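# Structural overview for review
Each chain is listed here by its residues.
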Amino acid sequence: GTPIEASIAQRAAQLGHPTVVVSGNHDSPVVMRRLAQAGAIVLTHTGRMAGDGTVTGPPVISVDGLMVAGYEDPLASQAGSFGHRLDLTPAELTDETARVETWFDSLSVRPDVVLVHDFRVAAALRVHVAADAGARVMILTGHDHRQHVDRSGDVVEVDGGTLGAGGVFAVGHAAAGFAQVHLT
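For the structure given in this document, a descriptive report is provided here. This structure is a prediction, so every number in the text was calculated from the model and none was measured.

Each value, and the rule that gives it
- Residues numbered from 1 in each chain as written.
- Predicted model: local features only at pLDDT ≥ 70, side-chain atom pairs only at ≥ 80, totals over all residues.
- Heavy atoms only, no water.
- 1 Å grid on protein atoms, 1.4 Å probe; cavity = no way out; pocket = protein on both sides within 12 Å on 5 of 7 lines; lining within 4 Å.
- Points joined across faces, edges and corners; volume = space filled by probe spheres on them.
- Nonpolar A, V, L, I, M, F, W, Y, C, P; charged D, E, K, R; others polar.
- Helix = DSSP H or I, 4+ residues; strand = E, 2+ residues; numbered from the N terminus.
- Buried < 20%, exposed > 50% of the residue type's maximum accessible area, 1.4 Å probe, protein only.
- Pairing = 2+ DSSP bridges.

### A word on the layout of surface pockets
- The computed volume of the second largest pocket comes to approximately 280 Å³.
- Looking at the second largest pocket, the residues that line it are L66, D112, V113, R136, V137, M138, R151, D154, V156, L183 and T184.
- Along the lines of polarity and charge, the residues of the lining of the second largest pocket split into six nonpolar, one polar and four charged.

Take a look at the structure:
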């Protein structure tokens, strides 16, 4: 989340066609603005972020024919500062899972894909959405740096793992992972 890390935003924004992102617990507002400036689609729970940091709705947008929404990590606003917290407290996690469920239920357009940084928040959303018979949603998540795919009915949660976010101390020791999802 530091300005030095923000210097890779131009390359990161060009990884996909398009690249769609939500902030994680290390992604500072500077990094997210730089990604938006470089052409990435930066989503928040209220809409799309512009390069100047303003966010405009709607919260669900069309990306290559799929309806996509994003739910940013609440700790991202602290990222980039020395000693910022890396994880939610148990009480905050409980509040956040209730918040994501309320947010999803309030969406006037149902997304096909939802990006949620924290896998625990994503798991709660998966179970919540699956309770609605006929719901078909893919939730893309992360935070735990471990690959997994979980399914509840036709709601699938995919965590691609990590490509080195464990920091320099884990290079060469931590397993790397990447998920490539094909939809038909």
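### Concerning unusual backbone geometry
- Omega for the peptide link from G57 to P58 comes to 10 degrees, which places this bond in the cis form.
- Here P58 shows up in the loop between β4 (55-56) and β5 (60-63).
- Non-glycine residue D64 carries a positive phi angle of around 50 degrees.

### Overview of the pairing of strand β2 (residues 41-44)
- Going residue by residue along β2, you find I41 and L43 tucked away on one face and V42 and T44 tucked away on the opposite face as well.
- Note that strand β1 (residues 20-21) and β2 share two bridges and pair parallel. Among the inter-strand pairings, V21 is bridged to a residue of β2, identified as V42.
- Two elements, β2 and strand β3 (residues 47-49), share three bridges in a ladder whose sense is antiparallel. Residue pairing across strands places L43 opposite R48, the latter belonging to β3.

### Points about the pairing of β5
- Summarising the sheet, β5 and strand β6 (residues 66-71) pair through four bridges and their orientation is antiparallel. Within β6, the residue paired with V60 across the bridge is A69.
- Where β5 folds back on β6, the antiparallel hairpin that results is connected by two residues, among which D64 adopts a positive phi of roughly 50 degrees.

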